[in-house]
Amino acid sequence: MSTVSAVQVSPKVGDAFFSQNCVDLISRSLGGQIIACSDEFFASAQNLISSSTPIRREGVYVDTGAWYDGWETRRHNPEPSDWVIAKVGASSGRISGIEIDTAFFVGNHAPAVSVEATYSPNKIPDANAFWTPILPRVPCGPSQRHLFQLETPTSEAYTHVRLQMYPDGGIARFRVYGNVIPVFPADLDIRLDLAHMYLGGLVVQCSNQHFGRKDNLILPGRGINMGDGWETARSREPGHVDWVIVKLGTKGYIDDVLVDTNHFKGNYPKEVILEATDSPDHVPSPDCTWEVILPAHKLGPHMEHAFSDLENVSTPKTHIRMIIVPDGGVKRLRVCGRRASL
C-alpha cells in the first residue's frame, strides 16, 4: 500500500494551485454522484458535491429542523463515524488535494474527518473493495474551509472516494481535486473534443472570472443557466479584452471550434478571437508564440457558433487561447480535432 502524505494549506494557496492544475473530480457538474451514505437525517448528502458556494437561509426551517446547505446527520451516532461515498464523474482520476468546507455549520459541524479512495468497476464498490487512505483523520473547525494538498499526486487512479466524519455532524461541501485519466480510442482519426474535461482538458489561466468560473467552459453539456459558464466583469477601458487559456487533454490537430453563448443574452461578448500554440509547458510562457486560428468574429446571444474555416492548424497544438472583446460571458468552448499520436 502506498503512503499518501498531505499538508493543510490556506484557501488562498490552495485555490491558486488547484485552480491552475486540477479539477474537482466529484463535482456534480462533471458528473460526480453521491451513491451511498450512513445517514442524512437533517440535510442531504447530495449537497456535498454542488459546485456552488454554500449559502445560509437564517430562520428557514424544514420538517427536520433548520435548513442547511450541506450534509448533516443525526446526533448521538452509536458508530465511530458517519460516512458518504462519492463516485468520480469521469472514468477515473488521480488525486492531488481535498477540501472540507463546514460553512455555516457552527455547533453542529463535523469535529474530525478522514478520506479514502478505491478503484472499482462497479457503481457501488462491493465489500471486498480496498480503500486507500488519502487524508488521515484530521480535526475540523466550524464554518471554515479546510484545504489539504498531497505532497505528490496519487500514483494510482481512483473511481470512488469515501468521506468519514467523527462521530457525526455537518459538512457543507466536499471537493476532491485531481486530474482526469482519459480513455482515448485507439483510432487516431476519430474526432474528439480535445479540450473536454473528460479527456483531460484543463483551463489553466484567465484574465478574469468575476461572475463565472473559467473551468465551466469545458464541462459536459450546455449547462442549466447563466451561472455555469465563464463570465468576466464589465470593462470600462477602451481597447480592453479578456482571455482564457485551455490546455488540451492531448496534443492534436484542430479541425473546428464551437463557441457557445447559451443563456448569455445581454452580456455575451461582441467578438471572439482564437489562437493556438504548441508548448511543452503546463502554462505557456509569456514569450510563447501564439498563432491566430480564427480572426475576430462577431458573436450573438444565446447560441452556438461553429467555426470550421480555421487558419494555421496544419500542425498539432497543445493549448488554445480564446480572447473575448471586450468582456462578457461564454458558456462552453469545444475544440474538435484528432489526436497527434498514441
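All of these numbers come straight from a predicted model, not from anything done at the bench. (Residues numbered from 1 in each chain as written. Predicted model: local features only at pLDDT ≥ 70, side-chain atom pairs only at ≥ 80, totals over all residues. Heavy atoms only, no water.)

1. Observations concerning the domain arrangement of the protein
You can read the domains of the protein as domain 1 (6-181) and domain 2 (191-339). Just the C-alpha atoms count here: the centres of domain 1 and domain 2 sit 30 Å apart. The interface is formed by twelve residues belonging to domain 1 together with 14 residues belonging to domain 2. In total, about 980 Å² of surface goes out of reach between domain 1 and domain 2, with carbon and sulfur atoms giving 56% of it. Ranking the residues of domain 1 by area buried against domain 2 places Ser19, Gln20 and Leu30 at the top, with a combined share of 45%. Linking domain 1 to domain 2 there are zero salt bridges. Our count for the contact surface shared by domain 1 and domain 2 stands at five residue pairs in polar contact (both at pLDDT 80 or more). For the side of domain 1 that touches domain 2, the element with the highest residue contribution is helix H1 (residues 11-21), accounting for three residues. Class assignment of the residues belonging to the side of domain 1 that touches domain 2 gives a composition of five nonpolar, seven polar and no charged. (Domains from an automatic or database assignment. Contact = heavy atoms within 4.5 Å. Buried area = accessible area lost by both parts, 1.4 Å probe. Salt bridge = Lys/Arg side-chain N within 4 Å of Asp/Glu carboxyl O. Polar contact = N/O pair within 3.5 Å; in protein donor to acceptor, adjacent residues only side chain to side chain. Helix = DSSP H or I, 4+ residues; strand = E, 2+ residues; numbered from the N terminus. Nonpolar A, V, L, I, M, F, W, Y, C, P; charged D, E, K, R; others polar.)

2. Description of the pattern of salt bridges
Per the counting criterion, the structure on display carries 19 salt bridges. Among the salt bridges present, the one from aspartate 69 reaches arginine 173, with a minimum N-O distance of 2.9 Å. Taken together, the residues aspartate 69 in the loop between strand S5 (65-66) and strand S6 (71-72) and arginine 173 in strand S14 (residues 173-180) connect sequence positions 104 residues apart. For the pair aspartate 69 and arginine 173, a shared accessibility class is recorded, and that class is buried. Here arginine 222 and glutamate 304 are joined by a salt bridge, their closest N and O atoms 3.5 Å apart. With arginine 222 in the loop between strand S16 (202-206) and strand S17 (230-231) and glutamate 304 in strand S21 (residues 304-307), this residue pair connects regions lying 82 residues apart in the sequence. (Buried < 20%, exposed > 50% of the residue type's maximum accessible area, 1.4 Å probe, protein only.)

3. Considering the UniProt feature "domain: Allantoicase" (unreviewed entry) in the protein
Mapped onto this numbering, the UniProt entry annotates "domain: Allantoicase" (unreviewed entry) at residues 31-180 and 200-339. Segment residues 31-180 splits into 0% helix and 43% strand. End C-alpha atoms: 12 Å apart. Helix and strand shares over residues 200-339 are 0% and 46% respectively, and the end C-alpha atoms of the span are 13 Å apart. (UniProt positions renumbered as here; feature names shortened; annotations may be inferred.)

4. A short note on the sheet that holds strand S10 (residues 132-139)
Spatial strand order, S3-S7-S12-S9-S10: five strands in an open sheet with antiparallel pairing. Unpaired on one side and paired on the other, strand S3 (33-37) and S10 mark the two borders of the sheet. Neighbouring strand axes in the sheet, compared pairwise and without regard to direction, differ in orientation by 20° on average. Where S3 meets strand S7 (residues 82-87), four bridges bridge the pair, whose relative direction is antiparallel. Along S7, the bridge assignment pairs cysteine 37 with valine 84. (Pairing = 2+ DSSP bridges. Axes fitted to C-alpha atoms, helices over the stretch in contact; angles between N-to-C directions.)

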